[in-house]
Amino acid sequence: MCTRIQPIESTSDCKNQNFDGIVLVTQGVDTLPSELECLRAPLLDYSSVDSGLAEEVVVLKVPGLPGNRLVFASTGPVNRDYDDVRRFSDAAVNGIKRAMKAGMQRPLLVCPPHSSYEKSTLVAALGALHALYMPLEVREANLKSSPYKVCVLGLWVSDDAQGKRLVDVAHALESGRLACRDIGGSDPERMAAPRVAEYVQELFKDSPVQVDVVSDLKVFEKEYPCLAAVNRCANAVPRHQARVIKLQYCGEGPIQNTLMLVGKGITYDTGGADIKAGGFMAGMHRDKCGAATVAGFFQVLAKLKPKHLKVVGTMAMVRNSVGSDCYVADELLVSRAGRRVRVGNTDAEGRMVMVDLLCEMKEKAVHEVSPQLFTIATLTGHAVRAMGPNYSIIMDNGPAQRSRNAQQWQTAGEVLGDVFEVSTIRREDYDFHKGKSEYEEILQSNNLPSSATPRGHQAPAAFLIMASGLDKHGVDSAKPLPYSHIDIAGSSGPFPGVPTGAPILAMATNYILSSVQ
């Protein structure tokens, strides 16, 4: 298994002949600093015959530059009301793709700093690395002569010391996104639950991350009864049997903050008895991107080793299969928190596999230092309908809202272009999940798709709070626990296509980067 990321080097010499071409990412000629004056004349010369220079990725022959080639990928305007740092990432993706098409194997990415975007160079580097990701199945099948799309990616930085720091941070962040893409994007057999466990154990071997894998069916049934119900059908097929993967990182020094993460890892979602008919099942191997995010974030922790931070994570790896022993609507289950739950729709399995693990985190949180609890999941189609693709959604319970946690995540997401929208959990969301008869306390779901349900991405957060017992730790509690739910159904990436690794960059910005740079 190859989990090494694309090799990266930095240089302060834009004419370094170790590279075979330059990929320039900036708005235009006017934004070039004095150190890149040698690029100005070729661009002005080209623009005299093509007014579309700022609109298309172009390749210029420029003697004296590495490989005598210059790829120019304009960001376009970056100062309008609706522009953000993603302009640099988008341009870098387009530029690197064009460079590879031109035959470059040692491209030098040049993205001069922008006064309005402190991390624009890093964002461009991460965009290039996203374009250079090679899927795990392709790497393992040895379909290519190398596990990398190019031999090396060069990063130009005017100061050598800053260049080294840039390479170190980009390498750490991309290593986390690579693990997330490997787990989240690989097919339902390559990343069936037992094989995810193997991947994670190998990934964190000889690292500061501790890994514990739970596979015992009796433990599932006793400790995580809602997860066990979803696993019931898949359990008959050994290679599809569930795994609960527990991760822990404890930084050096006195712990000041504790993050507690639960990730949805549905390795394949058939919908269960409420089957996804009409062609809606394709792409459902991506329903494990929440758990993949948890693994990816721990990989960033392992690389950057922030001090004074403890992180506990759980990956709920379960296949929602359909068959004679699948769980069905109308079943009554008792959650770990002792709440009677009526199943309303077996296609609402994500909240089921996470809720008991969230309850377990709640039990541990009362003994931790400054705990913050999170669920991360590709949970609802409503998230995509409400906010569109490309955006993660975060919503806080009362204690988290008082500390403005969601706004902090949103602000952090803007730094590296891992963007968020903020939603609010309202009283109607709790009312929606109240039991409708004396049989049950809580209704798991209605029998409509979330995209056809009013408040379809907010209400599941209320279910998770209620069925896990977190409602006993609100602002009116003697032991309030801040909890936030993150829905990444829109931001996790397109299918067909490559997962984005969202929201790892926002998480790293919020909790790691300021302490290690």
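What counts and how
- Residues numbered from 1 in each chain as written.
- Predicted model: local features only at pLDDT ≥ 70, side-chain atom pairs only at ≥ 80, totals over all residues.
- Heavy atoms only, no water.
- Helix = DSSP H or I, 4+ residues; strand = E, 2+ residues; numbered from the N terminus.
- Rg over C-alpha atoms; globule rule 2.2 N^0.38 Å.
- Buried < 20%, exposed > 50% of the residue type's maximum accessible area, 1.4 Å probe, protein only.
- Areas by Shrake-Rupley, 256 points an atom, 1.4 Å probe, with all protein chains shown as cover.
- Lys, Arg positive; Asp, Glu negative; His and termini not counted.
- Charge placed at Lys NZ, Arg CZ, Asp CG, Glu CD.
- Axes fitted to C-alpha atoms, helices over the stretch in contact; angles between N-to-C directions.
- Parallel < 35°, antiparallel > 145°, perpendicular 65-115°, else oblique.
- Left-handed = near helix turned anticlockwise from the far one by under 90°.
- Contact = heavy atoms within 4.5 Å.
- Nonpolar A, V, L, I, M, F, W, Y, C, P; charged D, E, K, R; others polar.
- Pairing = 2+ DSSP bridges.
- Expected span 1.5 Å × (residues − 1).
- pLDDT = per-residue confidence, 0-100.
- Salt bridge = Lys/Arg side-chain N within 4 Å of Asp/Glu carboxyl O.

Enquirer: Quick one: what's the story with the overall build of the protein chain, residue by residue and with numbers?
Expert: In terms of regular secondary structure, the protein chain is built from 16 helices and 17 strands. Scaling as 2.2 N^0.38, a compact globule of 517 residues should have a C-alpha radius of gyration of about 24 Å, and the protein chain matches this with 24 Å. Within the protein chain, buried positions represent 58% of all 517 residues. Of the roughly 20,600 Å² of accessible surface on the protein chain, a fraction of 48% belongs to carbon and sulfur atoms. Placing the 55 positive and 57 negative side-chain charges of the protein chain at their respective mean positions leaves the two points 2 Å apart.

Enquirer: Go over the packing of helix H5 (residues 160–185) against helix H6 (residues 193–203) with me, naming the residues and quoting the values.
Expert: Between H5 and H6, the shortest axis-to-axis distance is 11 Å and the interhelical angle comes to 165 degrees. As judged from the angle between their axes, H5 and H6 are roughly antiparallel. Every pair of crossing elements has a handedness; the one defined by H5 and H6 is right-handed. Contact residues: H5 offers Leu178, Ala179, Asp182 and Ile183, while H6 offers Val196, Tyr199, Val200 and Leu203. A class-by-class count of the residues in the contact of H5 with H6 yields seven nonpolar, no polar and one charged.

Enquirer: Provide a residue-level description of the pairing of strand E5 (residues 107–110), including the pertinent values.
Expert: Taking every second residue as pointing to the same face, both faces of E5 are buried, with Pro107 and Leu109 on one and Leu108 and Val110 on the other. Direction of pairing for strand E2 (residues 21–26) relative to E5: parallel, over a ladder of four bridges. Within E5, the residue paired with Ile22 across the bridge is Leu108. With three bridges connecting them, E5 and strand E6 (residues 153–156) associate as parallel partners. Each bridged residue has a counterpart across the sheet, and for Val110 the counterpart in E6 is Trp156.

Enquirer: Mind laying out helix H9 (residues 289–304), listing which residues take part and the relevant values?
Expert: For H9, which comprises 16 residues, the first-to-last C-alpha distance of 22 Å matches the rise-based estimate of 22 Å (1.5 Å per residue) to within 8%. Where burial is concerned, most of H9 is hidden: 15 out of the 16 residues are buried.

Enquirer: Tell me about the side chain of Thr258, residues and numbers included.
Expert: In this structure, Thr258 sits in strand E9 (residues 257–269). Ignoring any residue separated from it by four or fewer positions in sequence, one finds Thr258 in contact with Lys310, Glu368, Val369, Ser370, Pro371 and Gln372.

Enquirer: Outline the confidence of the model for the protein chain, supporting the account with residue identities and numerical values.
Expert: The predicted model of the protein chain has a mean per-residue pLDDT of 97, with 99% of residues at 70 or higher. Taken element by element, the protein chain is modelled with least confidence in helix H1 (residues 40–47), mean pLDDT 94, and with most confidence in strand E13 (residues 371–377), mean pLDDT 99.

Enquirer: Break down the pattern of salt bridges for me, with residues and values.
Expert: Following the criterion strictly, the structure yields 29 salt bridges and no others. Residue Asp84 pairs with Arg86 through a salt bridge whose shortest N-O separation is 2.7 Å. For Asp84, a relative accessible area of 13% gives the class buried. Its salt-bridge partner being Glu189, residue Arg239 comes within 2.8 Å of it at the nearest N-O pair. Taken together, the residues Arg239 in the loop between helix H8 (225–234) and strand E8 (243–250) and Glu189 in the loop between H5 and H6 connect sequence positions 50 residues apart.

Enquirer: Quick rundown of the environment of Met361? Include the residues and the values.
Expert: Mapped onto the elements of the fold, Met361 is located in helix H10 (residues 349–365). Since its relative accessible area comes to 2%, Met361 is described here as buried. In sequence terms Met361 and Leu470 are 109 residues apart; their C-alpha atoms lie 10.0 Å from each other. Excluding its chain neighbours within four sequence positions, the residues that come into contact with Met361 are Met260, Leu261, Val262, Val312, Gly313, Thr314 and Leu373.

Enquirer: Help me get a handle on the sheet that holds E9, residues and values and all.
Expert: One open sheet accounts for eight strands, arranged E7-E8-E10-E9-E13-E17-E14-E15; its pairing is mixed. One side of each edge strand has no neighbouring strand; the edge strands of this open sheet are strand E7 (210–214) and strand E15 (420–424). Geometrically, the sheet is characterised by an average inter-axis angle of 20 degrees between neighbouring strands, direction not taken into account. Pairing geometry for E8 and strand E10 (residues 309–320), over eight bridges, is antiparallel. For Val244, the partnering residue across the bridge sits in E10 and is Ala316. Along the sheet, H9 makes contact with E8, E9, E10 and E13, crossing E10 at roughly 150 degrees.

Enquirer: Describe the sheet that holds strand E4 (residues 69–74), listing the residues and the values that go with them.
Expert: Here six strands make up an open sheet; going across it, the order is E1-E6-E5-E2-E4-E3 and the pairing mixed. The outermost strands of the open sheet, each flanked by one partner alone, are strand E1 (8–11) and strand E3 (58–61). For this sheet, the mean inter-axis angle between neighbouring strands, taken without regard to orientation, is 25 degrees. Alignment of E3 against E4, held across four bridges, turns out to be antiparallel. Bridged to Lys61 within E4 is Arg69. Seen against the sheet, H5 touches E1 and E6 and runs at an angle of roughly 160 degrees to E1.

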